[in-house]
Amino acid sequence: MTPHATPGRHILADFRGVSARLLADAQALERELVLAAEAAGARVLGAHFHHFGEGAGVTGVVMLSESHISIHSWPEHRFAALDIFMCGAARPELALERLRAALGPETVRVTTVDRG
């Protein structure tokens, strides 16, 4: 694996058209973010997810040795905002692809920022 020119890459992704049921399921979202981190070659340190109640969304973060993955969901809009920041040999684009497959958004908008 070739090292990158910067210490880290930060992917911001807007997922639109995701199942409202899935976006309201804190346990499912935590499981999918952990699997995405593992797919990227990152080491999971812990996770914290919070559901805001009936009909509301979820906010959650998976803390990594290489940084973090977070999600904020709005089931009523079928929208999720994802933040994937990884450094070292971890590959955040693999986490993004795993989450795209798991959440099945109709559209995705991605911004990638080299950090450092």
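Residues numbered from 1 in each chain as written. Predicted model: local features only at pLDDT ≥ 70, side-chain atom pairs only at ≥ 80, totals over all residues. Heavy atoms only, no water.

For the protein, an unreviewed UniProt entry supplies the name S-adenosylmethionine decarboxylase proenzyme and the organism Achromobacter insuavis. Here is the UniProt Pathway (unreviewed entry) comment for the protein, exactly as written: "Amine and polyamine biosynthesis; S-adenosylmethioninamine biosynthesis; S-adenosylmethioninamine from S-adenosyl-L-methionine: step 1/1." As its UniProt record puts it under Subunit (unreviewed entry), the protein is described as follows: "Heterotetramer of two alpha and two beta chains arranged as a dimer of alpha/beta heterodimers." (UniProt positions renumbered as here; feature names shortened; annotations may be inferred.)

**Q** Help me get a handle on the sheet that holds strand β6 (residues 107-115), residues and values and all.
**A** Adjacent strands of a sheet pair through backbone hydrogen bonds, lying either parallel or antiparallel. Strand order in the open sheet formed by 6 strands is β2-β3-β4-β5-β1-β6, with antiparallel pairing between adjacent strands. At either end of the open sheet lies a strand with only one pairing partner, and these are β2 (44-51) and β6. With strand direction ignored, the average angle separating the axes of adjacent strands in the sheet is 10°. Pairing of strand β1 (residues 8-16) with strand β5 (residues 79-87), which is carried by 9 bridges, proceeds in the antiparallel orientation. For G8, the partnering residue across the bridge sits in β5 and is C87. Set on the sheet, helix α2 (residues 26-39) makes contact with β2, β3 (58-64), β4 (67-74) and β5; between it and β2 the angle comes to about 155°. The sheet contacts of helix α3 (residues 92-103) involve β1, β4, β5 and β6, and relative to β1 the element is tilted by about 15°. (Pairing = 2+ DSSP bridges. Helix = DSSP H or I, 4+ residues; strand = E, 2+ residues; numbered from the N terminus. Axes fitted to C-alpha atoms, helices over the stretch in contact; angles between N-to-C directions. Contact = heavy atoms within 4.5 Å.)

**Q** Describe unusual backbone geometry, and please don't skip the residues or the numbers.
**A** A negative phi angle characterises most non-glycine residues, just as the trans form characterises most peptide bonds. Here the phi dihedral of S67 falls at roughly 135°; this positive angle occurs in a residue that is not glycine. Within the element layout of this structure, S67 appears in strand β4. Judged by relative accessible area, which is 22%, S67 ranks as partly exposed. In this structure, R78 takes a positive phi of about 55° despite not being glycine. (Buried < 20%, exposed > 50% of the residue type's maximum accessible area, 1.4 Å probe, protein only.)

**Q** Could you give an account of the packing of aromatic side chains, with specific residues and numbers?
**A** Within the structure shown, the criterion is met by 1 aromatic pair. Ring plane angle 35° and centroid distance 5.5 Å describe the contact between W74 and F79, whose orientation is recorded as tilted. When its relative accessible area of 12% is taken as the criterion, F79 is described as buried. Positioned over the ring face of F85 is R115, at 5.1 Å from the centre of the ring. (Phe/Tyr/Trp six-rings, centres within 6.5 Å; stacked < 30°, edge-to-face > 60°. Lys NZ or Arg CZ within 6 Å of the ring centre and 35° of its normal.)

**Q** Which residues make up the side chain of S73, and what are the values?
**A** Mapped onto the fold, S73 is located in strand β4. One polar contact links the side chain of S73 to the main-chain carbonyl oxygen of L23, over a distance of 2.6 Å. Apart from the residues within four sequence positions on either side, S73 is in contact with L23, L29, G57, V58, F79 and A80. (Polar contact = N/O pair within 3.5 Å; in protein donor to acceptor, adjacent residues only side chain to side chain.)

**Q** Just give me the short version of the environment of A101, but keep the residues and values in it.
**A** Within the secondary structure, A101 is located in helix α3. Judged by its relative accessible area of 65%, A101 is exposed. Along the backbone, A101 and A80 are 21 residues apart, and their C-alpha atoms lie at a distance of 14 Å.

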